[in-house]
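Structural description and commentary
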Amino acid sequence: MRHIAIIGSGPAGYYTAEAAQKQWGDDVRVDIFDKLPVPYGLIRTGVAPDHQSIKGVSRRYEKTALTENVRFVGNVSVGSDITIPELQQLYDAVVLATGAPNDRQLGLPGEDLGNVFGSASFVGWYNGHPQFADLNPDLGGRHAVVIGMGNVALDVARILAKTEQEFAGSDIVKHALDALAASNIEKITILGRRGPHQIMMTPKELGELGNLMRASPRVDRDDLPEEADDALLEPGLRKSVTHLRSFAAIPEDMHAEKAIEVEFDFFANPTAMSGEGSVKTIEVERTVVEKGRAVGSGETYTIPAEIVVACIGYRTSPIPDVPFDERAGRFANDEGRILTGLYCVGWARRGPSGTIGTNRPDGYGLIEKIVEDMDNGLLGRAGKSGREGFDALATDRKLDVVTFQDWKKIEEAEAAAARDGAPREKFVDVEAMIKASQ
Ligand code: NAP
């Protein structure tokens with residue numbers, strides 16, 4: 001019997017468990033740990049609440065979770081409740097699938113002012129992550145600035161722009177829905193330090209911005225390169241740029257019909273934020289793109305910014321005893337191998353890139369590596385105690401483990417509490433989750 005511990009129950013964790021099952025069938029036992037009492041990581045607290053079809057992939061993970069040889073071990077914090085060396089004593093292989101939950105910092109003056117957020121906290125807030133449920137962003141100002149031109153920036157801008165009606169069928173949490181319904185925001189500026197040909201936004205997601213009830217996307221025609229140059233782009237990016245061109249063609253009277261403007265400010269590198277207590281303005285330097293890089297032009301200007309959300313990427317949380325690559329913000333690894341018997345997968349391995357589906361080949365590829373290491377006699381020979389050993393330790397330490405069956409009770413209670421037409425009303429604090437699980 002092989003014993004595998006996976007830390008993190010998001011997409012990378014469940015795809016790895018699925019791959020282990022395909023590889024070894026009944027000859028493997030997989031324990032998937034999560035520090036929250038609820039599974040699915042980014043599917044629950046990262047994917048936008050109005051993208052329910054993407055969240056539907058959790059049904060696939062549930063199939064894996066409900067098999068005999070895979071267990072969910074919720075409400076257990078690796079690094080404090082149990083250490084990595086302890087897990088390595090119990091399991092043949094320990095796989096870190098902990099994602100990249102921390103915001104990258106801009107490192108700008110004024111970044112610590114009130115109402116300046118990173119996307120991990122802001123997205124966590126509207127998705128009901130217990131760590132960010134009390135964020136309480138002030139949406140009373142008229143101007144919002146979103147920094148970055150990736151899909152997270154698009155999510156944030158769209159959520160800020162939508163009407164209450166447009167959240168029908170979503171699982172946006174009540175505190176966010178109420179705050180957004182009372183919002184005064186009239187203008188959302190998306191700042192990109194490079195140009196339209198360097199955006200990281202994918203076409204389907206960018207296209208959505210053109211179909212909002214009360215918001216209109218504005219692109220300055222002069223920022224767009226010659227149309228002929230689009231032919232050099234890879235097809236996805238070319239399609240995204242086509243959306244930008246269609247936004248640039250929206251006539252003024254159509255903009256005027258909408259209450260909110262979502263403006264793309266290209267070649268705009270934020271350099272400082274100002275305000276008293278809370279942010280009020282952001283200073284921006286015009287750039288030119290040279291050999292793909294943004295280079296400052298020296299020309300600066302200031303725009304109003306009563307709330308700022310920086311969507312510039314994420315970093316993995318270091319764990320004691322695990323080598324960390326500070327520069328890259330993820331575990332130091334060679335194609336998923338960290339140390340003998342210790343691995344990483346998903347964003348914890350490669351950094352915050354790709355879609356949910358990218359984690360599938362990542363998980364399957366990692367299991368191939370573990371097979372190789374087992375075949376080479378590096379692991380799998382010591383007769384580890386696996387889940388039995390963990391259960392003894394959990395009893396000893398009085399850990400309040402939440403099982404998958406317990407989660408199903410939480411899930412049922414969330415479904416029962418849902419608004420009309422919504423799939424669920426999430427619990428936003430750990431105690432309430434645990435209470436519902438009992
Ligand atoms: P991303 O795609 O890497 O985009 C980050 C953006 O931040 C880039 O535009 C980058 O500009 C900018 N940036 C970085 N550092 C900056 C700085 N110091 N100042 C100004 N701008 C800066 O990251 P993301 O949006 O966080 O998304 C993470 C991953 O999740 C991506 O793979 C994304 O596709 C995926 N995702 C997918 C969906 C979906 O499919 N619906 C939804 C959300 C997220 P430069 O390019 O100039 O560095």
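Residues numbered from 1 in each chain as written. Predicted model: local features only at pLDDT ≥ 70, side-chain atom pairs only at ≥ 80, totals over all residues. Heavy atoms only, no water.

So, about the site of the ligand. Residues in contact with the ligand amount to 22 residues; listed here are only the nearest, Met149, Asn151, Arg193, Arg194 and Gly354. Taking Arg194, its side chain carries an N or O atom lying 2.8 Å from an oxygen atom of the ligand. Note that an oxygen atom of the ligand is positioned 2.8 Å from one of the backbone N or O atoms of Gly354. Starting from 910 Å² of accessible surface for the ligand in isolation, the protein chains cover 83%. At three residues, the largest contribution of residues to the shell around the ligand is made by helix α7 (residues 151-161). Considered class by class, the residues forming the shell around the ligand number 11 nonpolar, six polar and five charged. In terms of domain composition, the shell around the ligand takes at least three residues from each of domain 1 (2-101 + 316-437) and domain 2 (102-310). (Near = heavy atom within 4 Å. Polar contact = N/O pair within 3.5 Å; in protein donor to acceptor, adjacent residues only side chain to side chain. Areas by Shrake-Rupley, 256 points an atom, 1.4 Å probe, with all protein chains shown as cover. Helix = DSSP H or I, 4+ residues; strand = E, 2+ residues; numbered from the N terminus. Nonpolar A, V, L, I, M, F, W, Y, C, P; charged D, E, K, R; others polar. Domains from an automatic or database assignment.)

Here the focus is the side chain of Asp265. Looking at the secondary structure, you find Asp265 in strand β10 (residues 260-265). With relative accessibility at 8%, the residue Asp265 sits in the buried group. In contact with Asp265, not counting residues within four places along its chain, are Met149, Thr189, Ile190, Leu191, Gly192, Arg286 and Tyr301. (Buried < 20%, exposed > 50% of the residue type's maximum accessible area, 1.4 Å probe, protein only. Contact = heavy atoms within 4.5 Å.)

Turning our eyes to something else, we now look at the sheet that holds strand β8 (residues 187-191). One open sheet holds the six strands; their spatial order is β6-β14-β7-β8-β10-β9, and the pairing between them is parallel. Because the sheet does not close on itself, it has two edges, and the strands there are β6 (116-118) and β9 (215-218). Ignoring strand direction, the axes of neighbouring strands in this sheet form an average angle of 20 degrees. As paired elements, strand β7 (residues 143-147) and β8 share five bridges and run parallel to each other. Paired with Ile147 across the two strands is Leu191, which belongs to β8. In this fold helix α6 (residues 119-126) packs onto β6 and β14 (307-310), with an angle of close to 85 degrees to the strand it touches most, β6. (Pairing = 2+ DSSP bridges. Axes fitted to C-alpha atoms, helices over the stretch in contact; angles between N-to-C directions.)

Bringing the packing of helix α1 (residues 11-24) against helix α13 (residues 359-375) into the picture now. Where α1 contacts α13, the two axes come as close as 8 Å, and the packing angle between them is 50 degrees. Looking at the two axes, α1 sits oblique to α13. Both α1 and α13 take part in a crossing whose hand is right-handed. Of the residues in α13, those touching α1 at Pro11, Ala12, Tyr15, Thr16, Glu18, Ala19, Ala20, Lys22, Gln23 and Trp24 are Asn359, Arg360, Gly363, Tyr364, Leu366, Ile367, Ile370, Val371 and Met374. Residue classes in the contact of α1 with α13 are distributed as 12 nonpolar, four polar and three charged. (Parallel < 35°, antiparallel > 145°, perpendicular 65-115°, else oblique. Left-handed = near helix turned anticlockwise from the far one by under 90°.)

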